[in-house]
Amino acid sequence: MPKALIIGGGIGGLATAIAFDRQGWEVEVLEKAAAIKEVGAGLSLWPNAIRALDALGLGERVRARAIEEGSAGIRNSRGAWLSRADTETMRARYGNPIMIHRADLLDMLHTALPHNTLRTGSTVTEVRPDGTVTHSHGTSTGDVIIGADGIHSIARRAVCGVVEPRYSGYTAWRVVVSPTAPVGDLGETWGRGERFGYAGLADGRVYCFATANTPAGAPSDGLAELRRRFGTWHDPIPSLLAAADDAAVLHNDIYELPALTTYVAGRIALIGDAAHAMTPNLGQGACQALEDAVVLARVAAADEDLTRYDAERRPRTQMIAARSGRIGAVGQLASAPAVFIRNAVLRLIPSSAQSKALAPVLDWEC
Ligand SMILES: Cc1cc2nc3c(=O)[nH]c(=O)nc-3n(C[C@H](O)[C@H](O)[C@H](O)COP(=O)(O)OP(=O)(O)OC[C@H]3O[C@@H](n4cnc5c(N)ncnc54)[C@H](O)[C@@H]3O)c2cc1C
């Protein structure tokens, strides 16, 4: 039986293990953490990702623990709509996007893994070009080696040398809140160099996220900073922040990878953030990792050269990463004249045009 050796037990690594197992391969997952865990935050899964989950046999289970996203759009800080998504047309055209808690998705992926295939507490220190992987418990190898070890990937060095992630110019906060009242329409609010968004989760809690232009590594005082920055914005933002718990606030600077020249070297392939860490503006990072998993397993099982995976995945993921970066650049505009023009343009774009523009991202089929 051929074997897939997977480095990293995040969303991408676990999905890849399931995808190879379904193709009849032996799998081994090396994960440095002592236990599989995810950060306490929401995750939007678009219809393209749901098709990938269907291909992994998990679509129904995931849908049952998620919530369909409601009507959405972009507002200014006073609450006036700048743009509204044509949710009905989007649903009819592409399918329903869903929102899920990250821990729930990871739990479902973990549960679907074949027994005794996950080796936690295994930190990979080197991946040699011949496919030998050195880790804290010795060495392992496989017929295909998959680097699913995230933005600071060790495996990436064996594929394309050292490539440093670059700072996007903005930082992000995430927090899951138990609201005191229903929050209604979800969506984002764009200010000057700052954004705030929220979306309901299946259990009634609300996932909130926010961004602000800051130098890389700038310290944050968590909830106090969020309240300072966003506490006077439109309802329900102040009440969501009032209900938030400081200890639950996650804070990360947003980094992305420059476009790699290849995702594959010999028997080694990169997936997910190891290959194409992108800014979160399109909510597609994990969605693309799920697509990668399905395509890589299909290519490997058909005994095709892994360059086929590279050819299929690299243009698509790099197109999506570039789009996401552009949305972030527009969303984070800070000067008053630029924001004035941006908001005026947003008001003029018909929702049908927005919906159509998403076709190259959402139209993916397995
Ligand atoms: C603020 C924010 C919001 C986002 N929102 C969305 C969203 O709504 N929708 C969406 O689709 N995406 C979203 N994303 C992107 C998404 O989180 C990532 O793209 C996705 O989690 C990447 O999964 P991964 O498995 O490739 O990498 P990771 O989740 O980084 O997993 C890598 C795994 O490898 C392990 N590892 C690392 N190094 C080693 C080593 N040397 N040895 C062994 N194991 C190792 C790590 O412990 C980890 O478990 C968001 C990202 C951010 C920052």
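So, a few notes on the structure that sits alongside this text. (Residues numbered from 1 in each chain as written. Predicted model: local features only at pLDDT ≥ 70, side-chain atom pairs only at ≥ 80, totals over all residues. Heavy atoms only, no water.)

### Describing the overall build of the protein chain
- The helix and strand tally for the protein chain stands at 14 helices and 19 strands.
- Relative to the 2.2 N^0.38 estimate, which gives 21 Å for 366 residues, the radius of gyration of the protein chain is 20 Å and therefore close to what a compact globule would have.
- Buried residues in the protein chain amount to 52% of all 366 residues.
- The long-range fraction of contacts in the protein chain, counting pairs at least 24 apart against all pairs at least 6 apart in sequence, stands at 74%.
- Summing over all exposed atoms, the protein chain offers an accessible surface of approximately 15300 Å²; the carbon and sulfur share of this is 54%.
- Here the protein chain carries 37 positive and 39 negative side-chain charges, and the mean point of each set is 5 Å from the other. (Helix = DSSP H or I, 4+ residues; strand = E, 2+ residues; numbered from the N terminus. Rg over C-alpha atoms; globule rule 2.2 N^0.38 Å. Buried < 20%, exposed > 50% of the residue type's maximum accessible area, 1.4 Å probe, protein only. Contact = heavy atoms within 4.5 Å. Areas by Shrake-Rupley, 256 points an atom, 1.4 Å probe, with all protein chains shown as cover. Lys, Arg positive; Asp, Glu negative; His and termini not counted. Charge placed at Lys NZ, Arg CZ, Asp CG, Glu CD.)

### So, the site of the ligand
- Around the ligand lies a shell of 28 residues, among which Gly12, Glu31, Arg102, Val124 and Asp273 are the nearest.
- A distance of 2.9 Å separates an oxygen atom of the ligand from a polar backbone atom of Gly12.
- For the ligand, an oxygen atom lies 2.6 Å from a polar atom in the side chain of Glu31.
- Taken by itself the ligand offers 1000 Å² of open surface, and the protein chains cover 84% of this.
- Of all elements in the fold, only helix H1 (11-22), strand E3 (42-45) and helix H10 (285-301) reach the threshold of two or more residues within the shell around the ligand.
- Counting residues per element, the shell around the ligand draws most heavily on H10, at three residues. (Near = heavy atom within 4 Å. Polar contact = N/O pair within 3.5 Å; in protein donor to acceptor, adjacent residues only side chain to side chain.)

### Focus on helix H4 (residues 87-94)
- Within H4, burial applies to Thr87, Met90 and Tyr94. Projected onto a plane normal to the axis of H4, the buried residues spread over an arc of 60° and lie on a single side. In H4, the exposed positions that point more than 90 degrees away from the buried face belong to Glu88 and Ala92.
- Taken together, the buried residues of H4 touch helix H2 (47-55), helix H13 (351-357) and helix H14 (359-362). (Arc of directions from axis to C-beta.)

### Quick notes on the pairing of E3
- Here E3 shows no split at all, with Gly42 and Ser44 on one side and Leu43 and Leu45 on the other all buried.
- In terms of strand pairing, E3 meets strand E7 (residues 98-101) through four bridges, oriented antiparallel. By the bridge assignment for E7, Gly42 is matched with His101. (Pairing = 2+ DSSP bridges.)

### Re the packing of aromatic side chains
- Applying the stated criterion across every chain, the model contains five aromatic pairs.
- Taken together, a centroid distance of 5.3 Å and an interplanar angle of 50° make the contact between Tyr167 and Tyr255 tilted. Taken together, the positions of Tyr167 in strand E13 (residues 166-177) and Tyr255 in strand E17 (residues 250-256) put the pair 88 residues apart, joining distant regions of the chain.
- By relative accessible area, which is 32% here, Tyr255 ends up partly exposed.
- Ring geometry for Phe230 against Trp233: centres 4.8 Å apart, planes inclined by 85°, an arrangement best described as edge-to-face.
- Take Phe230: its relative accessible area is 0%, and that puts it in the buried class.
- Of the residues examined, Trp233 reaches a relative accessible area of 10% and is grouped as buried.
- One aromatic cluster is present, built from ring pairs that chain together Phe196, Phe230 and Trp233.
- A cation sits over an aromatic face here: Arg75 above Trp81, 4.2 Å from the ring centre.
- Directly above the aromatic system of Tyr170 lies the positively charged group of Arg195, at a separation of 5.7 Å from the ring centroid. (Phe/Tyr/Trp six-rings, centres within 6.5 Å; stacked < 30°, edge-to-face > 60°. Lys NZ or Arg CZ within 6 Å of the ring centre and 35° of its normal.)

### Some points on the sheet that holds E13
- Taken together, the seven strands give an open sheet; going across it, the order is E6-E5-E14-E15-E16-E13-E17, and neighbouring strands pair in mixed fashion. Either end of the sheet is taken by a strand with one partner, and the two such strands are strand E6 (81-84) and E17. Strand-to-strand twist across the sheet, computed as the mean angle between neighbouring axes with direction ignored, equals 20°.
- With seven bridges joining them, strand E15 (residues 194-200) and strand E16 (residues 206-213) adopt antiparallel strand pairing. Across the sheet, Phe196 pairs through a bridge with Ala210, a residue of E16. (Axes fitted to C-alpha atoms, helices over the stretch in contact; angles between N-to-C directions.)

### A word on the sheet that holds E7
- Strand order in this open sheet of three strands is E3-E7-E4, and the pairing throughout is antiparallel. The strands lining the two open edges of the sheet, one partner per strand, are E3 and strand E4 (67-68).
- Sheet analysis places E4 next to E7, joined by two bridges and oriented antiparallel. Within the sheet, the bridge partner assigned to Glu68 lies in E7 and is Ile98.
- Lying over the sheet, helix H5 (residues 102-112) contacts E3 and E7, oriented at roughly 80° with respect to E7.

### Observations regarding unusual backbone geometry
- Geometrically, the link from Asp235 to Pro236 is a cis peptide bond, its omega value of 5° lying close to zero.
- By the secondary structure assignment, Pro236 is in the loop between helix H7 (223-230) and helix H8 (237-243).
- Even without being a glycine, Asn116 presents a positive backbone phi close to 60°.
- Mapped onto the elements of the fold, Asn116 is located in the loop between H5 and strand E8 (118-119).
- A relative accessible area of 80% places Asn116 in the exposed class.
- At Asp303, a residue that is not glycine, the phi angle is positive and equals roughly 65°.
- Locating Asp303 in the fold gives a position in the loop between H10 and helix H11 (307-331).
- Given the relative accessible area of 72%, Asp303 is considered exposed.

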